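Residue strings, one per chain:
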Amino acid sequence: MIVETSALTKRYAAHAALDGVDLAVPAGSVYGLVGPNGAGKTTLLGILAGLRRPTSGSVRLEVARDRVATLPDTPQFDPWLTGREVVSLAARLAPSTPAGKVDEVLAEAGLAEASDRRAGGYSRGMLQRLGLAATMVGEPSLLLLDEPASALDPAGRREVLDLIARLRGRATVVFSSHILADVQEACDRIGILRDGRLLFQGSLDQLLVGRATPSVELRLRSGGDQAAALLRRQDWVTSVRPAGAALIVGVRTMDEAEARMAGVLAESSARVISVGPREAELEDVFLELTS
Amino acid sequence: MTLWRLELLRLVRTRRLVALLAVYAFFGLTGPLTARYLGRILGAIGTEGVQVQFPEPTPADGITQFVGNASQIGLLVVVLVSASALAFDARREMAVFLRTRVAGVRSIVLPAYAINVAGAVAGLLLGSACAWYETAILLGAPPAGAMLAGIAYGSVSLAFAVALVAFMAALVRSVLAAAGSALAVLLLTGILGSAARVGTWLPTGLLGALGELTAGRAPGDYLPGLAVTLILIVLALAGAVRLGDRREL
């Protein structure tokens, strides 16, 4: 493990921002720290970055402190510095930076053309990418990224997620997010935080298998309301919720759904497009764990 | 790009260096002018029938006029400019960029301190040169030795003011709070110096040394103040580093 914490606790007066967190991040992994706002993600990353001190517990980093790079959620830089100067400063402050690395990371972040413009004129997405370039330039062994894509538009998010994906194998990445799709796409290990407690950590497969309630996805052309009402009255149905044009029907067991779903739909006047088992998604498990 | 160059660029690109130089140059040019013509100006606007007699202005009056203005407005600008650099924790995201890349805040504080002291001293030197030249033209040459000693004492006093800002910035987070608290301490120090007649022992006393030395005071009178100020500079910087290292973001 490149990062391990043991019974890590951080208190602000009576409030426990972190409560006995045992984090374990394998070397080379992309670790997603998921949790609702106020769960303790930023506090945990702040402690790992050395910016905050734990109230109790311990942190063990299998990497020198100067090989750790941190990116805050909304990176800001002196507006009178150019993008190139920001990355050059980060390169100079890193323990060792290969020649030509500044240009390389600026190009990788898609900022080659804007590198001589002042950061004060950068968009939010460009600042985020500039932050990532400054974080990557020293070739750190461990990157701590706090909500790196949460505040960006879809195109900006895509660029940042692609950058993170390209870091796989080159460094260990711990990034926090409340956008589950980002975590599901980018991470191979996940930790779920709520109210300062680490409710789960492991691989995505470990998290999904057997945890979420089995469910069926119904696609109906019409009669959805009547079908939903009828389904809610069935004792083998645990929940019915709309998801776009579909209905997600939580069931006690898939056996019962396979045996009885067709009958209920026949009884309603719904026109059925498709019926199929729905694979558990991170969002289902997240809601199950954090609700 | 180094942290030293970062601080130099901060002074130059934000035009704070221009502000420092302009303020001191302005008072350097207007101080002796005011001393030379103040009597005539007041005489011209005086009440009819009342004649006010002003003594003939001396070179020391020209320099004292400069010092009087520069030690207030100039010091205010020095404190504001240095607070904007030394209160680097005021914006968390910027602070994270710097703090996670250095072993301790010493690496951030010292370049910011040194560059801002250099900027302040450059302003004092320019202002003093202007005041010296204009005084020599209008009122006669002030003694060179007294001028050089006074500038040196004033520079040390400014170095203390910037060190005090560094210390305050480690106690409070915002730029305005750091500048305001430093100015409050400087003001109280000045009042204490005047009230208890220990001005020459205090950093604020050194700021006015230039005027008093050209008026004939012995340079040695300020040596105790010089020693106290140097000690306080070291203590303030050590405190800034120690408190800064302990601060959480």
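Predicted, not measured: the structure shown is a model, and the values here were computed from it.

1. Regarding the overall build of chain A
Part 1 of the reasoning: For chain A, the helix and strand inventory stands at 10 helices and 14 strands.
Part 2 of the reasoning: C-alpha extents for chain A along the principal axes are approximately 70 × 45 × 35 Å.
Part 3 of the reasoning: Per-residue burial for chain A yields a buried fraction of 53% across its 291 residues.
Part 4 of the reasoning: A total accessible area of about 12,700 Å² is found for chain A, and carbon and sulfur atoms account for 48% of it.

2. Quick word on the pairing of strand β2 (residues 15-21) of chain A
Side-chain direction in a regular strand flips from residue to residue, so the side chains alternate between the two faces of the sheet.
All names here are of chain A.
Part 1 of the reasoning: Two strands pair when backbone bridges link them, and strand β1 (residues 3-12) and β2 are joined in this way by four bridges, in the antiparallel orientation. Pairing of L8 across the sheet is with V21, part of β2.
Part 2 of the reasoning: The turn joining β1 and β2, which pair antiparallel and follow one another in sequence, is formed by two residues; a positive phi near 55 degrees is taken by A13.

3. Some details on the packing of aromatic side chains
Aromatic rings considered in pairs are described by the distance between their centres and by the relative angle of their planes.
Residue and element names in this part refer to chain B.
Part 1 of the reasoning: Evaluated as defined, the whole model comprises three aromatic pairs over all chains.
Part 2 of the reasoning: Look at F26 and F27: their rings are 5.3 Å apart centre to centre, the planes differ by 70 degrees, and that puts the pair in the edge-to-face class.
Part 3 of the reasoning: Assessed through its relative accessible area of 12%, F27 is described here as buried.
Part 4 of the reasoning: When the centroid spacing of 5.4 Å and the interplanar angle of 45 degrees are considered together, the rings of Y153 and Y222 count as tilted. You can see Y153 sitting in helix α6 (residues 144-171) and its partner Y222 sitting in the loop between α9 (209-214) and α10 (223-246), a full 69 residues away along the chain.
Part 5 of the reasoning: Stacked on the ring of Y37, the Lys or Arg R36 has its end atom at 5.3 Å from the ring centre.

4. Focus on the interface of chain B and chain A
Part 1 of the reasoning: Facing 25 residues of chain B, the contacting portion of chain A comprises 29 residues.
Part 2 of the reasoning: On the chain B side of the interface with chain A, the three residues burying the most area are M1(B), R13(B) and R101(B), jointly 27% of the side's total.
Part 3 of the reasoning: One can count four salt bridges joining chain B with chain A.
Part 4 of the reasoning: E248(B) is the partner of K10(A) in a salt bridge, and the nearest nitrogen-oxygen pair spans 2.9 Å.
Part 5 of the reasoning: Applying the counting rule to chain B against chain A returns 11 residue pairs in polar contact (both at pLDDT 80 or more).
Part 6 of the reasoning: Examining the composition of the side of chain B that touches chain A, we find that seven residues originate from one element, helix α4 (residues 92-99) of chain B, more than from any other.
Part 7 of the reasoning: Across the side of chain B that touches chain A, the residue classes break down as 10 nonpolar, three polar and 12 charged.

5. Considerations on the UniProt feature "transmembrane region" (unreviewed entry) in chain B
All names here are of chain B.
Part 1 of the reasoning: In the numbering adopted here, UniProt assigns the feature "transmembrane region" (unreviewed entry) to residues 66-88, 108-134, 146-171, 183-202 and 222-243.
Part 2 of the reasoning: Secondary structure over residues 108-134 splits into 100% helix and 0% strand, and the C-alpha atoms at its two ends are 39 Å apart.
Part 3 of the reasoning: In this annotation, residues 146-171 is assigned 100% helix and 0% strand; the end-to-end C-alpha distance for the span is 37 Å.

6. Looking at the sheet that holds strand β7 (residues 142-146) of chain A
Through backbone hydrogen bonds, the strands of a sheet pair up, either in parallel or in antiparallel fashion.
Residue and element names in this part refer to chain A.
Part 1 of the reasoning: Spatially, six strands are ordered β6-β7-β8-β4-β9-β10 in an open sheet, and the strand pairing comes out mixed. For this open sheet the edge positions go to β6 (68-71) and β10 (197-203), each flanked by a neighbour on one side alone. In this sheet, adjacent strand axes meet at a mean angle of 15 degrees when their direction is disregarded.
Part 2 of the reasoning: Looking at chain direction, β7 and strand β8 (residues 172-177) are connected through five bridges and run parallel. Bridge pairing in β8 places D146 opposite S176.
Part 3 of the reasoning: Packing of helix α1 (residues 41-48) onto the sheet brings it into contact with β4 (30-34), β7, β8 and β9 (189-194), and relative to β7 it is tilted by some 150 degrees.

7. Here's the deal with the sheet that holds strand β13 (residues 246-251) of chain A
All names here are of chain A.
Part 1 of the reasoning: Across the sheet, which stays open at both edges, the four strands sit in the order β12-β13-β11-β14 with antiparallel pairing between neighbours. Each edge of the open sheet is held by one strand with a lone partner, namely β12 (237-243) and β14 (271-278). In this sheet, neighbouring strand axes are inclined to one another by 20 degrees on average, regardless of whether the strands run parallel or antiparallel.
Part 2 of the reasoning: The pairing of β12 with β13 spans six bridges and is antiparallel. The partner of P242 across the bridge, within β13, is L247.
Part 3 of the reasoning: Contacts from helix α9 (residues 254-267) reach β11 (215-222), β13 and β14, with the element oriented near 15 degrees to β11.

8. Here we look at the side chain of Q128(A)
Part 1 of the reasoning: Inspection of the secondary structure assignment puts Q128(A) in helix α4 (residues 124-136).
Part 2 of the reasoning: Setting aside anything within four residues of it in sequence, one finds Q128(A) in contact with L71(A), P72(A), D73(A), P75(A), E147(A), P148(A), L152(A) and V160(A).

9. With respect to a nonpolar patch on the surface
Residue and element names in this part refer to chain B.
Part 1 of the reasoning: Taken together, the side chains of L33, Y37, L38, I41, L42, I45 and F54 make up a nonpolar region of the molecular surface, amounting to roughly 600 Å² of accessible area.
Part 2 of the reasoning: Among the secondary structure elements, I41 is positioned in helix α2 (residues 16-44).
Part 3 of the reasoning: Exposure remark for I41: the relative accessible area of 46% places this residue in the partly exposed category.

10. As for the domain arrangement of chain A
Residues and elements named next belong to chain A.
Part 1 of the reasoning: When cut into domains, chain A gives domain 1 (3-208) and domain 2 (215-290).
Part 2 of the reasoning: Each of domain 1 and domain 2 has a C-alpha centre, and the two are 38 Å apart.
Part 3 of the reasoning: Residue-level contacts link 14 residues of domain 1 with eight residues of domain 2.
Part 4 of the reasoning: Between domain 1 and domain 2 lies a buried interface of about 930 Å² when both sides are counted; carbon and sulfur atoms form 82% of it.
Part 5 of the reasoning: Of all residues in domain 1, the largest losses of buried area upon contact with domain 2 belong to L180, I192 and L208, amounting jointly to 48% of the total for that side.
Part 6 of the reasoning: Summed over the shared surface of domain 1 and domain 2, the number is zero salt bridges.
Part 7 of the reasoning: Counting the contacts that link domain 1 with domain 2 gives zero residue pairs in polar contact (both at pLDDT 80 or more).
Part 8 of the reasoning: Contributions of two or more residues to the side of domain 1 that touches domain 2 are made by α6 (180-186), β9, β10 and α7 (204-208).
Part 9 of the reasoning: The residue inventory of the side of domain 1 that touches domain 2, partitioned by class, reads 11 nonpolar, two polar and one charged.

Cut-offs applied
- Residues numbered from 1 in each chain as written.
- Chains lettered and ligands numbered in written order.
- Predicted model: local features only at pLDDT ≥ 70, side-chain atom pairs only at ≥ 80, totals over all residues.
- Heavy atoms only, no water.
- Helix = DSSP H or I, 4+ residues; strand = E, 2+ residues; numbered from the N terminus.
- Buried < 20%, exposed > 50% of the residue type's maximum accessible area, 1.4 Å probe, protein only.
- Areas by Shrake-Rupley, 256 points an atom, 1.4 Å probe, with all protein chains shown as cover.
- Pairing = 2+ DSSP bridges.
- Phe/Tyr/Trp six-rings, centres within 6.5 Å; stacked < 30°, edge-to-face > 60°.
- Lys NZ or Arg CZ within 6 Å of the ring centre and 35° of its normal.
- Contact = heavy atoms within 4.5 Å.
- Buried area = accessible area lost by both parts, 1.4 Å probe.
- Salt bridge = Lys/Arg side-chain N within 4 Å of Asp/Glu carboxyl O.
- Polar contact = N/O pair within 3.5 Å; in protein donor to acceptor, adjacent residues only side chain to side chain.
- Nonpolar A, V, L, I, M, F, W, Y, C, P; charged D, E, K, R; others polar.
- UniProt positions renumbered as here; feature names shortened; annotations may be inferred.
- Axes fitted to C-alpha atoms, helices over the stretch in contact; angles between N-to-C directions.
- Patch = residues over 30% accessible without salt bridge, like charges linked within 9 Å, V, L, I, M, F, W, Y side chains within 5 Å.
- Domains from an automatic or database assignment.

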